[in-house]
Amino acid sequence: MDDRAADSSQDAPRLPGCYRHPDRETGVRCTRCDRPICPECMVDASVGFQCPDDARGDSGTGHAPAASRPRTLAGGAVAADPRLVTKILVGVNLAVFLVQLSVGDRFDTRFELLGQAYVPVLGSVEGIAEGQWYRMLTAMFLHGSYIHILFNMLSLWWIGGPLEAALGRVRYLALYFVSGLAGSALTYLIAAANQPSLGASGAIFGLFGATAVLMRRLNYDMRPVIALLVINLIFTFGWSNIAWQAHIGGLVAGVITGYAMVHAPRERRNLVQYGTCAVVLVVVVAMTLIRTAQLT
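Residues numbered from 1 in each chain as written. Predicted model: local features only at pLDDT ≥ 70, side-chain atom pairs only at ≥ 80, totals over all residues. Heavy atoms only, no water.

Some remarks on the packing of helix α7 (residues 169–190) against helix α10 (residues 244–263)
Part 1: Two numbers describe how α7 lies on α10: the axes approach to 7 Å, and their chain directions differ by 145 degrees. For the pair α7 and α10, the sense of crossing is right-handed. Within the contact between the two elements, α7 uses Arg171, Leu175, Val178, Ser179, Ala182, Gly183, Leu186, Thr187 and Ile190 and α10 uses Trp244, Gln245, Ala246, Ile248, Gly249, Gly250, Ala253, Gly254, Thr257, Gly258 and Met261.
Part 2: When grouped by side-chain class, the residues that make up the contact of α7 with α10 number ten nonpolar, nine polar and one charged. (Axes fitted to C-alpha atoms, helices over the stretch in contact; angles between N-to-C directions. Helix = DSSP H or I, 4+ residues; strand = E, 2+ residues; numbered from the N terminus. Left-handed = near helix turned anticlockwise from the far one by under 90°. Contact = heavy atoms within 4.5 Å. Nonpolar A, V, L, I, M, F, W, Y, C, P; charged D, E, K, R; others polar.)

Side note on empty space enclosed by the protein
Part 1: Under the defined criterion, the tally for this structure stands at two cavities of 30 Å³ or more.
Part 2: Of the pockets and cavities examined, the largest cavity occupies roughly 70 Å³.
Part 3: Every residue along the wall of the largest cavity is listed here: Glu40, Thr72, Ala77, Val78, Ala79, Asp81, Pro82, Glu164, Ala165, Gly168 and Arg169.
Part 4: Residue classes in the lining of the largest cavity are distributed as five nonpolar, two polar and four charged.
Part 5: Size it by volume and the second largest cavity reaches roughly 40 Å³.
Part 6: Every residue lining the second largest cavity is listed: Leu113, Gly115, Thr187, Tyr188, Ala191, Ala192, Ala193 and Gln195.
Part 7: Tallied by class, the residues present in the lining of the second largest cavity amount to five nonpolar, three polar and no charged. (1 Å grid on protein atoms, 1.4 Å probe; cavity = no way out; pocket = protein on both sides within 12 Å on 5 of 7 lines; lining within 4 Å. Points joined across faces, edges and corners; volume = space filled by probe spheres on them.)

A short note on a nonpolar patch on the surface
Part 1: Together, Ile147, Leu150, Phe151 and Leu154 make up a nonpolar patch on the protein surface, roughly 420 Å² of accessible area in all.
Part 2: Exposure remark for leucine 154: the relative accessible area of 53% places this residue in the exposed category. (Patch = residues over 30% accessible without salt bridge, like charges linked within 9 Å, V, L, I, M, F, W, Y side chains within 5 Å. Areas by Shrake-Rupley, 256 points an atom, 1.4 Å probe, with all protein chains shown as cover. Salt bridge = Lys/Arg side-chain N within 4 Å of Asp/Glu carboxyl O. Buried < 20%, exposed > 50% of the residue type's maximum accessible area, 1.4 Å probe, protein only.)

Regarding the packing of aromatic side chains
Part 1: Taken as a whole, this structure holds six aromatic pairs when the rule is applied.
Part 2: Judged by centre distance (5.0 Å) and plane angle (50 degrees), the ring pair of phenylalanine 107 and phenylalanine 111 falls under tilted. Of the two residues, phenylalanine 107 and phenylalanine 111 both sit in helix α4 (residues 105–111), four residues apart, roughly one turn of that helix.
Part 3: Overall, the relative accessible area of 27% leaves phenylalanine 111 in the partly exposed class.
Part 4: Three or more aromatic residues joined by ring pairs form one cluster here, namely Phe107, Phe111 and Tyr134.
Part 5: The ring of tryptophan 157 has arginine 83 lying over it, and the distance from NZ or CZ to the ring centre is 4.6 Å. (Phe/Tyr/Trp six-rings, centres within 6.5 Å; stacked < 30°, edge-to-face > 60°. Lys NZ or Arg CZ within 6 Å of the ring centre and 35° of its normal.)

With respect to the pattern of salt bridges
Part 1: One pass over the full model with this rule turns up five salt bridges.
Part 2: For the salt bridge of glutamate 126 with arginine 135, the shortest nitrogen-to-oxygen distance reads 3.6 Å.
Part 3: Using a relative accessible area of 5% as the deciding quantity, one classes glutamate 126 as buried.
Part 4: On the basis of relative accessibility, which here comes to 0%, the residue arginine 135 falls in the buried class.
Part 5: Across the salt bridge formed by glutamate 267 and arginine 268, the nearest N and O atoms sit 3.9 Å from each other.
Part 6: Under the relative-accessibility criterion, glutamate 267 is labelled exposed at 63%.

Here we look at the environment of glutamine 195
Part 1: Structurally, glutamine 195 can be placed in the loop between α7 and α8 (201–217).
Part 2: Through-space distance from the C-alpha of glutamine 195 to that of leucine 113 is 8.3 Å; in sequence the pair is 82 residues apart.
Part 3: Sequence-distant contacts of glutamine 195, defined by excluding residues within four places in its chain, comprise Leu113 and Leu114.

Written out as structure tokens, the structure is:
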């Protein structure tokens, strides 16, 4: 490698670290004290963002006490443990995987995503088209192998934790389930009716999409998340036995929902954020009804 290129890359200016989390680079500063703050520490203010210290000490503004409480970038409450929901999701996925290992194929065939097919283990025709709509949700917590759950849980921990801190628990959870259901719906609509599918990948790709939107919103370097997303898409379309429909459905839903989460105007924030979630869910229901009509 050219020494001059190496030197120039080393000398390139770096963003300052958050005053509370020095290891996290950020381009956002508190509008009152000018200290650098990361997404976890950002408190939405009437103009820009404030650090938690200034937000707590804010007085004489005429706002109700709740208005000056620390808020995330998306307007959620700042939690003491910003990764709690991510920890719970990882725990639930691991617990369900242990049940899969204990019970065996009969458990998988009962709860995996399946359009419509005769299942010899159960001795009957099963699937979403038979009224088993719960499969669109339960399939999000099933995994087919140790490698499958390992990669998904590592991705969930790496991407989900920072995103939960930036959005807040309720909005983050809404994003996760909306993305996962969108992935299930697209798989049901496009894939063969007798093709089983399972995994949290749809929801995780939704987190990828929302993370890209968030990083763009904060003017962060987008190259790491784009590179990771491209690698995942290569695996999605390069390997067999991967439900690419769930990945693409989750990714699109994540980008749309994530954009609404971080760009919603402050005065209509809840309406825009949860309204977008509702619209995506309406599309999910529409795709499900269309495919069910085709199969019955």
